[in-house]
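Architecture and fold: a report
These are the residues of each chain, in order.
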Amino acid sequence: MKKDDFQMINIQKEYEQDLLDAQIIWEQQEELKRQAYLEEQMRIQEEMQKQQEIEARILQENARQFVNEMPSLHDVTAVSLNDNIDNTYAGNAIPVEPVIPREIYDSQLTHYATAMSGFSGRKVLLVNTVCGTGSVGRLVVGLYHTLEAYGYECLVAYGRGEAPEDVRAYRIGTDTDIYVHGAMSRLNDRHGFYSRKATLDFVAMIKEYDPDIIHLHNIHGYYLNIEVLFNYLKKCNKKIIWTLHDCWTFTGHCSHFEYIGCTKWLNGCYKCEQLNEYPKSFGVDNSKRNYEEKRRLFTGIEDLMIVTPSEWLKDKVSQSFLREYPVVVVPTGIDLMQFYPYKEVMSEDNLIFNIKNQLSIRNKIILLGVANPWRDRKGLLQFGLLEKTLSDRYAIILVGLNDKQLQNLSPNIIGLNKTDSVEELAALYSMADIYVNLTLEDTFPTTNLEALACGTPVITYKAGGSPESLDDTCGEVVERNSIQGIVAAIDKIMSLKGQNYTSEMCVRKAQLYNKEYRFLEYIQHVYEVV
């Protein structure tokens with residue numbers, strides 16, 4: 001190993017020891033802080049008691065009038081929160097103190113940022129389908145800002161939508177290019193082999209920008225010609241990082257195969273069973289040709305490192321034709337300043353208080369599911385089966401359904417449209433007793449992390465990388481398609497709540513996925529290694 005490699009290993013060990021030391025310090029001080037907090041809460045409760053007695057009578061009358069005026073639950077507008085996207089309640093949520101004090105986190109960030117500053121000044125080109133929207137688009141922008149903060153010069157190249165104003169960006173092709181690429185892919189099942197002129201122009205831009213590092217993310221999405229791009233990458237003499245977010249890279253068609261249990265990708269795709277899945281094709285099957293051409297294009301590239309967000313995807317890469325490349329796992333991070341436990345307060349200005357009233361779910365055990373979009377492989381059918389096994393003590397809420405799905409939803413499940421309000425989503429996570437993720441395939445779902453950050457334990461199927469963010473303090477993992485296993489996990493969590501699966505335990509686990517650390521991990525373990 002090189003001297004720099006040993007230095008980075010020592011930095012990592014020092015980082016891990018510092019976190020352990022910080023945790024010990026916190027545990028020693030926590031009991032004193034907790035006692036002080038409880039005493040203060042008792043005093044506040046005594047002062048509020050009289051006021052609450054007065055307000056209770058008013059609230060009872062308001063609730064009676066609310067129920068009388070509330071539309072039928074079969075009316076989807078009665079439970080849709082989309083009209084409250086710009087809600088005024090978000091600022092009144094009560095955050096919970098982070099498990100490890102913020103000042104300790106900040107000091108550690110400064111320490112490791114300083115230790116890794118020797119590689120500043122390099123130029124980085126980041127490539128993704130979108131810039132600033134969607135989970136991967138937000139990851140790219142967050143990484144862009146972190147790299148810029150530590151002295152790297154960055155440019156984002158993207159294919160669809162618009163880029164944030166504070167990001168230096170290059171749009172690959174036009175909307176017309178995307179439409180043509182998409183239409184031809186549907187006719188010929190040759191996704192990734194159109195947009196030739198747009199990609200030639202992009203390659204010319206790369207040569208002019210002359211980056212030291214090219215960091216690819218999603219290159220599918222009807223905006224790039226992979227043959228043009230990779231013929232250039234094979235001879236450009238650049239350091240290349242490729243972060244995979246799904247399996248499209250090493251299959252002949254699909255982006256995921258776990259749902260149907262397909263293993264053709266191991267040796268060569270043919271007679272694809274998922275032509276109706278993204279990227280859709282109307283009957284023509286070119287999966288065998290696509291697989292062979294991807295293998296030819298994507299292998300034999302010098303100085304290429306692959307990054308995956310989960311051990312599960314790393315394992316799949318190691319079995320694919322990409323096995324020649326080194327693979328580093330950097331889990332996805334989340335913004336802990338946006339996702340944290342919200343508390344309910346008996347006030348018209350409190351978001352959780354209003355949601356519970358609106359949905360008539362007081363005194364219910366709330367099970368939450370979130371997806372966008374919902375499909376059977378994301379667990380929609382599974383929730384229908386789960387609902388039939390539960391008593392009326394439970395309320396199932398599914399967020400992210402489209403209008404057609406809302407119309408066909410069981411009347412015993414509360415369905416909500418997708419919300420673009422992070423505050424609203426965090427309130428829903430916080431309000432739930434358990435976040436239930438019944439996905440049957442996923443790479444590394446951030447919804448698990450968001451729920452944990454809001455203090456809510458998670459139950460998930462053993463599917464893809466979904467179990468990797470959980471341990472026995474904050475969640476349960478169940479074999480796929482086992483509804484009885486899910487019911488048993490729900491009973492276990494509810495029976496042990498207060499002893500295990502506490503809000504503090506969930507938040508502690510979520511702290512490991514602080515996006516600031518994950519971005520620095522990219523720099524330390526990826527950028528400064530290639």
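Scroll up to find the structure.
Let's talk about the sheet that holds strand β2 (residues 153-158)
Strands sit in the order β3-β2-β1-β4-β5-β6-β7 across an open sheet of seven strands; the sheet is parallel. On the outer flanks of this sheet lie β3 (169-171) and β7 (327-329), each paired with one strand and no other. In this sheet, neighbouring strand axes are inclined to one another by 20 degrees on average, regardless of whether the strands run parallel or antiparallel. Bridging between β2 and β3 involves three bridges; their strand directions are parallel. By the bridge assignment, Tyr 158 is partnered in β3 with Arg 171. Its contacts with the sheet place helix α16 (residues 515-527) against β1 (123-128), β4 (213-216), β5 (239-243), β6 (304-308) and β7, and it is angled at close to 145 degrees to β6.

A closer look at the side chain of Glu 387
Here Glu 387 lies in helix α10 (residues 380-389). Within polar-contact distance, the side chain of Glu 387 engages the side chain of Ser 410 at 3.3 Å. If we skip the residues at most four places from it in the chain, Glu 387 touches Ile 396, Ser 410, Asn 412 and Ile 413.

Things to note about the environment of Tyr 435
In this structure, Tyr 435 sits in strand β11 (residues 434-437). Given a relative accessible area of 1%, Tyr 435 falls into the buried group. In sequence terms Tyr 435 and Ala 451 are 16 residues apart; their C-alpha atoms lie 6.5 Å from each other. In this structure the side chain of Tyr 435 is engaged in a polar contact, spanning 3.2 Å, whose partner is the backbone oxygen of Val 370.

What to know about the pairing of β5
Across the five residues that make up β5, a large majority, four, are buried. Where β5 lies against β6, four bridges are found, and the strand directions are parallel. The partner of Ile 241 across the bridge, within β6, is Met 305. Where the polypeptide runs from β5 across helix α7 (residues 287-298) and back to β6, its parallel neighbour, the crossover connection is right-handed.

Considering the packing of α10 against helix α14 (residues 483-496)
Between α10 and α14, whose axes approach to 10 Å, the crossing angle comes to 60 degrees. Considering the angle they form, α10 stands oblique to α14. For the crossing formed where α10 meets α14, the hand is right-handed. For the pair α10 and α14, contact is made by Gln 382, Leu 385, Leu 386 and Thr 389 and by Ile 483, Gln 484, Ile 486, Val 487 and Ile 490, respectively. Class assignment of the residues belonging to the contact of α10 with α14 gives a composition of six nonpolar, three polar and no charged.

A closer look at the packing of aromatic side chains
Evaluated as defined, the whole model comprises 15 aromatic pairs. Aromatic pair Trp 374 and Phe 383: ring centres 5.7 Å apart, planes at 85 degrees, arrangement edge-to-face. Each residue in the set Phe 230, Trp 242 and Phe 298 is aromatic and connected to the rest through ring pairs, giving one cluster. Lys 123 extends its terminal NZ or CZ atom over the ring of Tyr 209, reaching a point 4.4 Å from the ring centre. Here Lys 294 stacks its cationic end above the ring of Trp 248, 3.5 Å away from the centre of that ring.

Basis of the calculations
- Residues numbered from 1 in each chain as written.
- Predicted model: local features only at pLDDT ≥ 70, side-chain atom pairs only at ≥ 80, totals over all residues.
- Heavy atoms only, no water.
- Pairing = 2+ DSSP bridges.
- Helix = DSSP H or I, 4+ residues; strand = E, 2+ residues; numbered from the N terminus.
- Axes fitted to C-alpha atoms, helices over the stretch in contact; angles between N-to-C directions.
- Contact = heavy atoms within 4.5 Å.
- Polar contact = N/O pair within 3.5 Å; in protein donor to acceptor, adjacent residues only side chain to side chain.
- Buried < 20%, exposed > 50% of the residue type's maximum accessible area, 1.4 Å probe, protein only.
- Right-handed = clockwise from strand over helix to strand, strands pointing away.
- Parallel < 35°, antiparallel > 145°, perpendicular 65-115°, else oblique.
- Left-handed = near helix turned anticlockwise from the far one by under 90°.
- Nonpolar A, V, L, I, M, F, W, Y, C, P; charged D, E, K, R; others polar.
- Phe/Tyr/Trp six-rings, centres within 6.5 Å; stacked < 30°, edge-to-face > 60°.
- Lys NZ or Arg CZ within 6 Å of the ring centre and 35° of its normal.

Bear in mind that shape data such as this cannot, by itself, settle questions of function.
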